[in-house]
Amino acid sequence: MADNRGFLPGANCPLLNAFTNPGPSNSGEVPSLTGKDTSNNSTSLGAPSRRLWWLLVILNIFFLLVGQTAATLLGRFYYDQGGNSKWMSTLVQTIGFPLLFLALLYLPRSTTSTGSPSTHLLHLLLVYLVLGLIIAGDNLMYSYGLLYLPVSTYSLICASQLAFNSIFAYFLNSQKFTALIFNSVVLLTFSAALLGVNEDSDGSSNLSHKYYVLGFVLTLGASATYALILSLMQLSFDKVIKKETFSAVLDMQIYTAFVATCASLVGLFASGEWRGLQGEMEGFKSGKVSYILTLVGTAVSWQVASIGVVGLVFVVSSLFSNVISTLALPVVPVFAVIFFKDKMNGVMIVAMLIAIWGFASYMYQHYLDDLKVKNDAGQNNGNSSGMEASFKSLAGFQEAARNSDAGTSEGHVTDATSSAHN
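Just so it is clear, the structure is predicted and the values come from calculations on it, not from any experiment.

A short note on the packing of helix α8 (residues 209-241) against helix α9 (residues 246-270)
Between α8 and α9, the shortest axis-to-axis distance is 12 Å and the interhelical angle comes to 120°. As the angle between them shows, α8 and α9 are arranged oblique. Remark: the crossing between α8 and α9 carries right-handed chirality. Two secondary-structure elements touch here, α8 through Met233, Ser236, Phe237 and Ile241 and α9 through Ala248, Val249, Met252 and Thr256. Residues of the contact of α8 with α9, tallied by class, amount to 6 nonpolar, 2 polar and no charged.

With respect to the side chain of Arg76
Relative to the assigned elements, Arg76 resides in helix α1 (residues 50-80). Those residues in contact with Arg76, other than ones at most four positions away along the chain, are Leu146, Leu147, Tyr148, Leu149, Val151 and Phe340.

Concerning the nonpolar core
Membership of the largest hydrophobic core comes to 32 residues, with the highest contact counts inside it found for Tyr78, Met88, Leu195 and Tyr291. Elements supplying a minimum of two residues to this core: α1, α2 (86-91), α3 (118-148), α4 (151-157), α8, α10 (277-282), α11 (288-315) and α14 (346-379). Judged by nonpolar contacts, the second largest core, of 25 residues, contains Leu100, Leu131, Val240 and Ala257.

Some thoughts on empty space enclosed by the protein
One pass over the structure, following the stated rule, counts 4 cavities of 30 Å³ or more. There is about 110 Å³ of room inside the largest cavity. Surrounding the largest cavity, 15 residues form its lining, Gly75, Ser89, Gln93, Leu146 and Trp302 being those nearest its centre. Of all the secondary-structure elements, those providing two or more residues to the lining of the largest cavity are α1, α3 and α11. It is α1 that contributes the most residues to the lining of the largest cavity, 4 residues altogether. Its residues assigned to classes, the lining of the largest cavity shows 8 nonpolar, 6 polar and 1 charged.

Thoughts on the packing of aromatic side chains
Counting across every chain of the model gives 14 aromatic pairs. For the pair Tyr78 and Tyr291, a centre-to-centre distance of 6.2 Å together with 40° between the ring planes defines the contact as tilted. Residue Tyr78 is located in helix α1, and its partner Tyr291 is located in helix α11; the two are separated by 213 residues in the primary sequence. The class for Tyr78 is buried, based on a relative accessible area of 2%. Ring centres of Tyr144 and Tyr148 lie 6.2 Å apart, and the angle between their planes is 40°; on these two criteria the pair is classed as tilted. Of the two residues, Tyr144 and Tyr148 are both situated in helix α3; the distance of 4 residues between them amounts to about one turn of the helix. With relative accessibility at 26%, the residue Tyr144 sits in the partly exposed group. Classification of Tyr148 by relative accessible area gives buried; the value is 12%. Ring pairing ties together the aromatic residues Phe77, Tyr78, Tyr79, Phe284 and Tyr291, which thus form one cluster.

Some words on the pattern of salt bridges
Tallied over the full model, the rule gives 2 salt bridges. Residues Arg76 and Asp80 are paired through a salt bridge, measuring 2.9 Å at the closest nitrogen-oxygen approach. Taken together, the positions of Arg76 and Asp80, both in helix α1 and 4 residues apart, correspond to about one turn of that helix. In this structure Arg76 comes out as buried when scored by relative accessible area, which is 12%. Among the salt bridges present, the one from Asp376 reaches Lys372, with a minimum N-O distance of 3.1 Å. Pair noted here: Asp376 and Lys372 are both in helix α14, with a separation of 4 residues, about one helical turn.

Concerning a nonpolar patch on the surface
A surface patch of nonpolar side chains, about 600 Å² in accessible area, is lined by Ile167, Tyr170, Phe171, Leu172, Phe177 and Phe182. Among the elements that take part in the nonpolar patch, helix α5 (residues 160-172) stands out by supplying 4 residues, more than any other. With respect to the helices and strands, Ile167 occurs in helix α5.

About the thresholds
Residues numbered from 1 in each chain as written. Predicted model: local features only at pLDDT ≥ 70, side-chain atom pairs only at ≥ 80, totals over all residues. Heavy atoms only, no water. Axes fitted to C-alpha atoms, helices over the stretch in contact; angles between N-to-C directions. Helix = DSSP H or I, 4+ residues; strand = E, 2+ residues; numbered from the N terminus. Parallel < 35°, antiparallel > 145°, perpendicular 65-115°, else oblique. Left-handed = near helix turned anticlockwise from the far one by under 90°. Contact = heavy atoms within 4.5 Å. Nonpolar A, V, L, I, M, F, W, Y, C, P; charged D, E, K, R; others polar. Core = buried A, V, L, I, M, F, W, Y, C linked by side-chain atoms within 4.5 Å. Buried < 20%, exposed > 50% of the residue type's maximum accessible area, 1.4 Å probe, protein only. 1 Å grid on protein atoms, 1.4 Å probe; cavity = no way out; pocket = protein on both sides within 12 Å on 5 of 7 lines; lining within 4 Å. Points joined across faces, edges and corners; volume = space filled by probe spheres on them. Phe/Tyr/Trp six-rings, centres within 6.5 Å; stacked < 30°, edge-to-face > 60°. Salt bridge = Lys/Arg side-chain N within 4 Å of Asp/Glu carboxyl O. Patch = residues over 30% accessible without salt bridge, like charges linked within 9 Å, V, L, I, M, F, W, Y side chains within 5 Å. Areas by Shrake-Rupley, 256 points an atom, 1.4 Å probe, with all protein chains shown as cover.

In structure tokens, the structure reads:
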């Protein structure tokens, strides 16, 4: 999706599902992220050095944090300077999707044919169409929320997406609901509730109570819808696409964004807002050039964030990508105070701390799940130490086990395991 908004769930979304790995091994290789032998996979990154691996990690972190922070702040700047088109604000969230093709340049698409029948293609097109339309509606609600709420309040309410995602994933994706996840849901709900009754901020004092409530409800609804979208994406990958490769994930982002862009264009013209765009540009407080640069910058920023999300998932892990995404939670309100003079009163500070606590609880649960998977894999290979097991793919374990059964020495088992990464 174009809108990461800083709150991507770890195990409930194909963008962040099953690509778990702690990082480069001591040998300097980049381990398989999918738990499969990538020696014959044309979509692998090959075997870049550890220095290149760290360079890619840092670059994707930069893309993610800068992209989503800049997009949110520019979206508010558009309104503050005289912009008023909700459909234009919606359009720029996805219209930059062609930039996602750049991600395919550093990880070429696999040439392996899946042999999917025509009926599967029709189902796939239906998935893209339905999800794209939902995304367009979701982006529109976010646009209204950003119009009626201060950036700091808006950003913190978006945190409730994680709580909604846990609920939807429980019903749609059979995701377990542990005590830590429940704690996260409760804390994020309390955080949103505090913001719902808080109107003591410079950004909301100029708006009537009706518009503040409307902005709160629409932002909360958008967060719930976004959580639903993520769970539906996971369901689509499980039931229709039936693969979670880098190119498949990018296809999901690109084609749903294309549908959402078309729907936003229809909304822009059907609503008649397009007639006021010329006057809006001429009346933009900081000038016509600033108006154009604001819209272009917002569109580019959302796509830069998307590339950062997918890049971190593929190069490092879903958990790491999720942790980095949450860093925007305190970052956006801080910048909002600096640039838009938002007032961070006591209620908002408490809401932020509660939300961060909720995120930490959620992240710790996924850390425990990831650790359990690695420990189980280590126990299945009696010839490997715990540290070695954490860096070995499932293919390596299977090959080592076969070699062990055939009477090979421990040294040969290690060689066989290492060959799974080459």
